[in-house]
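Structural overview for review
So the chains spell out like this:
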Amino acid sequence: MAIKIVGTGSHVPSRILGNHDLEKMVDTTDEWIRTRTGILERRIADASETPSEMALHASRRALEMAGMDAKDLDMVIVATVTGDRIIPSTACILQKKLGAQKAFCFDIQAACTGLLYAIDIANAMIAQGAKYKKALVVGVEKLSSITDWKDRNTCVLFGDGAGAVVLEKRKSSGDIGGILASKLASNGCHADILQVPAGGSEMPMTHEVLDQRLHTIRMEGQEVFKLAVNEMVKACNHVISEVGISVGEIRWLIPHQANIRIIEAVGTRVGIARERVYVNLDKYGNTSAASVGIALDEIVRKGLLQRGDYVLATAFGSGLTWGATLLRW
Ligand code: UT7
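All values derive from a computational prediction rather than experimental measurement.

On to the overall build of the protein chain, then. The helix and strand tally for the protein chain stands at 11 helices and 13 strands. In terms of C-alpha radius of gyration, the protein chain reaches 19 Å, essentially the compact-globule figure of 20 Å for 329 residues. For the protein chain, the spread of C-alpha atoms along the principal axes amounts to about 60 × 45 × 35 Å. Every one of the 329 residues in the protein chain was classed for burial, and the buried ones make up 57%. Per element, the accessible surface of the protein chain, about 13900 Å² overall, is 51% carbon and sulfur.

Below is the structure:
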């Protein structure tokens, strides 16, 4: 019996940072940001909006849609690179806020691919038997806390937010929904091209680290761009051929929202018509592990999915990590 997504939820902070605001902060223009990235604005969390708080709002919405009580959850997995604290995990902090007493909880770190990794882990754990039945998976980021607001190469790209899904074994054999296939991959040889150098045990925080802003994101954008397109296309093709459907049957491609040029290149090369490629990058920028979850929730709540529709999600991020997941709604 397949495992399916029975609820989605998302949350973004209310504060909007537009491209014109950034023009006052670094040497950039609205025109450059719009044409090179597709981003018009992004959401920025305030001090009280911790990742666990954003995750809490998204999770409550997903649980409500699923008609599920938090205390019935068997597991809570949070995908994030910007957890509330180094320890404990944000998943444990979320557990307390949700009242998910029965669940075991942990974070995973696969950067922008985190939600797809976490969904696959939950799917496999539920599929293995009767031990676990209900999972909450959240992708959440407060990237504003690790953004170098003086670096125009990166600060125009990122935003904050959370996307959540609830997974459960489908209840009847007449239900055709479920997660059909996933392809996850990594290549640590590219670890340095997208990183936060300091704050871990290799380079603990010092005054020098803070002065040089080494606790913020460093990225070789063009290198990441090329690898992102190639690997996401391969991962998408892999799951499509594994399931054995034609590309024309896919209702929505949900790509990680990093750059409109990457999104369009992936859509074109996989062969999915532009109107079936979901984009909300203009409103939120790159929210890393949250991006696919926020997009899926928007699609569901706008009524853009019918029962039985095929949805292909793909993501790419630091590690490098990437993947694709094909599901049926
Ligand atoms: O989510 C994880 C995965 N991340 C990604 O997928 C990001 C992938 N990379 C990208 O999206 C793009 O590479 C960027 C948006 C980061 C950069 O776009 P690009 O077309 O690759 O630009 P570039 O880095 O080659 O820079 C072109 C020029 C440079 O100036 P010169 O050297 O040609 O004079 C940059 O200094 O654009 C300049 N530039 C800017 N100018 C105005 C870079 N950032 C800005 C800016 N405003 N914000």
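Back to the write-up after that little detour.
Among the secondary structure elements, Lys4 is positioned in strand β1 (residues 3-11). By relative accessible area, which is 16% here, Lys4 ends up buried. Contact partners of Lys4, with chain neighbours within four places excluded, come to Val166, Leu167, Glu168, Arg170, Asp175, Gly177 and Gly178.

In terms of domain boundaries, the protein chain breaks down into domain 1 (3-169) and domain 2 (178-328). Put simply, the middle of domain 1 and the middle of domain 2, counted by C-alpha atoms, are 14 Å apart. Counting each side, the surface lost to burial between domain 1 and domain 2 is near 3900 Å², with a carbon and sulfur contribution of 61%. Three residues stand out in domain 1 for area buried against domain 2, namely Cys112, Leu116 and Tyr117, and they jointly supply 17% of the buried area on that side.

Evaluation of the coordinates by the stated rule reveals four aromatic pairs. Ring centres 6.0 Å apart and planes at 10 degrees place the aromatic pair Phe104 and Phe106 in the stacked group. By relative accessible area, Phe104 is classed as partly exposed at 29%. According to the relative accessible area criterion, Phe106 is partly exposed, its value standing at 23%. Centre to centre, the rings of Phe104 and Tyr132 are 5.1 Å apart; their planes meet at 55 degrees, and the pair counts as tilted. With Phe104 in strand β5 (residues 104-108) and Tyr132 in the loop between α5 (114-127) and β6 (134-142), this pair connects stretches of sequence that are 28 residues apart. Overall, the relative accessible area of 15% leaves Tyr132 in the buried class. By the ring-pair criterion, three or more aromatic residues cluster together here, those being Phe104, Phe106 and Tyr132.

Because each turn of an α-helix spans 3.6 residues, side chains separated by three or four positions in sequence point in the same direction. Of all the 11 residues making up helix α11 (residues 291-301), 10 are buried; the element is thus mostly covered by neighbouring parts of the structure. Buried within α11 we find Ser291, Val292, Gly293, Ile294, Ala295, Leu296, Asp297, Glu298, Ile299 and Val300.

Turning our eyes to something else, we now look at the pairing of strand β13 (residues 321-328). For β13, the tally of buried residues reaches seven of eight residues, placing the bulk of the element in the interior. In this sheet, β13 lies alongside strand β8 (residues 178-186) in antiparallel orientation, the contact comprising eight bridges. By the bridge assignment for β13, Ser182 is matched with Thr325. Looking at chain direction, strand β12 (residues 310-317) and β13 are connected through eight bridges and run antiparallel. Within β13, the residue paired with Thr314 across the bridge is Ala324.

Each value, and the rule that gives it
Residues numbered from 1 in each chain as written. Predicted model: local features only at pLDDT ≥ 70, side-chain atom pairs only at ≥ 80, totals over all residues. Heavy atoms only, no water. Helix = DSSP H or I, 4+ residues; strand = E, 2+ residues; numbered from the N terminus. Rg over C-alpha atoms; globule rule 2.2 N^0.38 Å. Buried < 20%, exposed > 50% of the residue type's maximum accessible area, 1.4 Å probe, protein only. Areas by Shrake-Rupley, 256 points an atom, 1.4 Å probe, with all protein chains shown as cover. Contact = heavy atoms within 4.5 Å. Domains from an automatic or database assignment. Buried area = accessible area lost by both parts, 1.4 Å probe. Phe/Tyr/Trp six-rings, centres within 6.5 Å; stacked < 30°, edge-to-face > 60°. Pairing = 2+ DSSP bridges.

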